[in-house]
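# Observations on chain architecture
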Amino acid sequence: WHFSNSMDSVDKRIKKSYFWKIYLESIEFEKWLLMALNLSSIGCFLKNGKYPTKFICLVIKLHEFKPSFSMIKEFIKNDSNLIIRLLGAFYIRLYYRPLLIYKLLEPLYYDYRRVPVQIDHSKTKMICVDIIIDSLLNKTYVMGIKLNSLVKRNIFEKHKLLSTNYLK
């Protein structure tokens, strides 16, 4: 489990938000789960990083609950709720180690369904899950959040920790 310096500042900004203070500060897991199941879009920050979305607030709150590995795996295996699947994917990318990130997120490359991504308070844009997963694995910034750099995939391939034919 890791937590980058850039995530420290994200964590602080989120915990200062109205949504966090009113709805999440002392929420129990069952209510958190209901809130997550009722989300209609994903996203991280709006208005040039000023306002966190409900989605990223819920990801950060999930970390406080210290979910089990098996629970997070169930989130990403959830085929019927893309928001829950991506909530798990973001959680994995933010808090897991690189080898596990690749192993858990790469199967989601085969999910070509579209999910609404909140880009403004009243606007969403439809983006395919595989593109979001590609961003999580290959980009430095995703939806306004600076991610920890990942060990390049080919290093794991060279040591036979990952297969070379993962997208075939």
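Residues numbered from 1 in each chain as written. Predicted model: local features only at pLDDT ≥ 70, side-chain atom pairs only at ≥ 80, totals over all residues. Heavy atoms only, no water.

### Description of the overall build of the protein
Convention followed: Numbering goes from the N terminus for both helices and strands, where a helix is a DSSP run of H or I of at least four residues and a strand is a run of E of at least two. In this setup the radius of gyration rests on C-alpha atoms only. A globule is expected at 2.2 Å times the number of residues raised to 0.38. In these tables, accessible area is a Shrake-Rupley quantity obtained with a 1.4 Å probe, and a residue counts as shielded only by the protein chains included in the view. By the counting rule applied here, Lys and Arg register as positive and Asp and Glu as negative, while His and the ends of each chain are not counted. All charge positions are set by atom: Lys at NZ, Arg at CZ, Asp at CG, Glu at CD.
From N to C terminus, the protein includes nine helices and six strands. Relative to the 2.2 N^0.38 estimate, which gives 15 Å for 168 residues, the radius of gyration of the protein is 16 Å and therefore close to what a compact globule would have. The dimensions of the protein, computed from C-alpha atoms along their principal axes, are 50 × 30 × 30 Å. On the protein, roughly 9400 Å² of surface is accessible, and the fraction owed to carbon and sulfur atoms is 53%. Side chains of the protein give 28 positive and 14 negative charges; the mean places of these two sets differ by 6 Å.

### Here's the deal with a nonpolar patch on the surface
Inclusion rule: Exposure above 30% relative accessible area and no salt bridge define the residues that can form patches, which grow by joining like charges within 9 Å and nonpolar side chains of Val, Leu, Ile, Met, Phe, Trp and Tyr within 5 Å. We define a salt bridge as a side-chain nitrogen of Lys or Arg found within 4 Å of a carboxyl oxygen belonging to Asp or Glu.
Taken together, Tyr 18, Ile 22 and Tyr 23 make up a surface patch of nonpolar side chains, about 370 Å² in accessible area. Locating Tyr 18 in the fold gives a position in helix α2 (residues 18-24).

### Digging into the confidence of the model for the protein
To be explicit about the condition: Scored between 0 and 100, pLDDT is the confidence that the predictor attaches to each residue. Any two residues having at least one pair of non-hydrogen atoms within 4.5 Å are treated as being in contact.
Across the protein, pLDDT averages 90, with 94% of residues at or above 70. Confidence drops under pLDDT 50 across residues 1-5; counting only partners more than four residues distant or on other chains, this segment forms 17 contacts.

### Things to note about unusual backbone geometry
Unlike most non-glycine residues, Met 143 shows phi in positive territory, near 50 degrees. Along the chain, the position of Met 143 falls in the loop between β5 (141-142) and β6 (145-146). Phi is positive for Lys 160, which is not a glycine, with a value near 60 degrees.

### Side note on the pattern of salt bridges
The line we're drawing: For every residue, the accessible area (1.4 Å probe, protein chains only) is compared with the maximum for its type, and the residue is labelled buried under 20%, exposed over 50%, or partly exposed between those bounds.
Counted according to the given criterion, the structure contains ten salt bridges. Across the salt bridge formed by Asp 11 and Lys 15, the nearest N and O atoms sit 3.4 Å from each other. Of this pair, Asp 11 and Lys 15 both sit in helix α1 (residues 5-15), separated by four residues, roughly a single helical turn. Note on Asp 11: relative accessible area 15%, which makes it buried. Note on Lys 15: relative accessible area 28%, which makes it partly exposed. For Glu 74, the salt bridge goes to Lys 77, with nearest N and O atoms at 3.2 Å. Of this pair, Glu 74 and Lys 77 both sit in helix α5 (residues 69-77), three residues apart, which is roughly one turn of that helix.

### Some words on the pairing of strand β4 (residues 124-128)
To keep it simple, the criterion reads: Between any two strands, pairing holds if DSSP finds at least two bridges.
Pairing of strand β3 (residues 114-118) with β4 involves five bridges; the strand directions are antiparallel. Note that in β4 the partner of Pro 116 across the bridge is Met 126. The turn linking β3 back onto β4 is made up of five residues.

### A look at the packing of aromatic side chains
The test is simple: A pair of aromatic rings is counted whenever rings of Phe, Tyr or Trp (Trp by its six-membered ring) have centres within 6.5 Å, and the orientation is called stacked for planes under 30 degrees apart, edge-to-face for over 60 and tilted otherwise. In this scheme, Lys NZ or Arg CZ marks a charge over a ring once it lies within 6 Å of the ring centre and within 35 degrees of the ring normal.
For the structure shown, the criterion picks out ten aromatic pairs. Measuring from centroid to centroid gives 5.2 Å for Phe 55 and Phe 90, while their planes differ by 85 degrees, and the two rings are edge-to-face. Separated by 35 residues along the polypeptide, Phe 55 in helix α4 (residues 54-65) and Phe 90 in helix α6 (residues 82-95) bring together distant segments of the chain. Residue classification places Phe 90 among the buried residues on the basis of a relative accessible area of 2%. Taking the centre distance of 6.0 Å and the plane angle of 25 degrees together, the rings of Phe 69 and Tyr 96 count as stacked. Of the two residues, Phe 69 is situated in helix α5 and Tyr 96 in the loop between α6 and α7 (98-105); the sequence distance between them amounts to 27 residues. Assessed through its relative accessible area of 34%, Phe 69 is described here as partly exposed. Through a chain of ring-to-ring contacts, three or more aromatic side chains come together here, namely Phe 29, Trp 32, Phe 65 and Phe 75. When the ring centre of Phe 45 is taken as origin, the NZ or CZ atom of Arg 13, which lies over that ring, is 4.1 Å away. For Lys 61, the ring lying beneath its charged end belongs to Phe 65, and the centroid distance is 5.7 Å.

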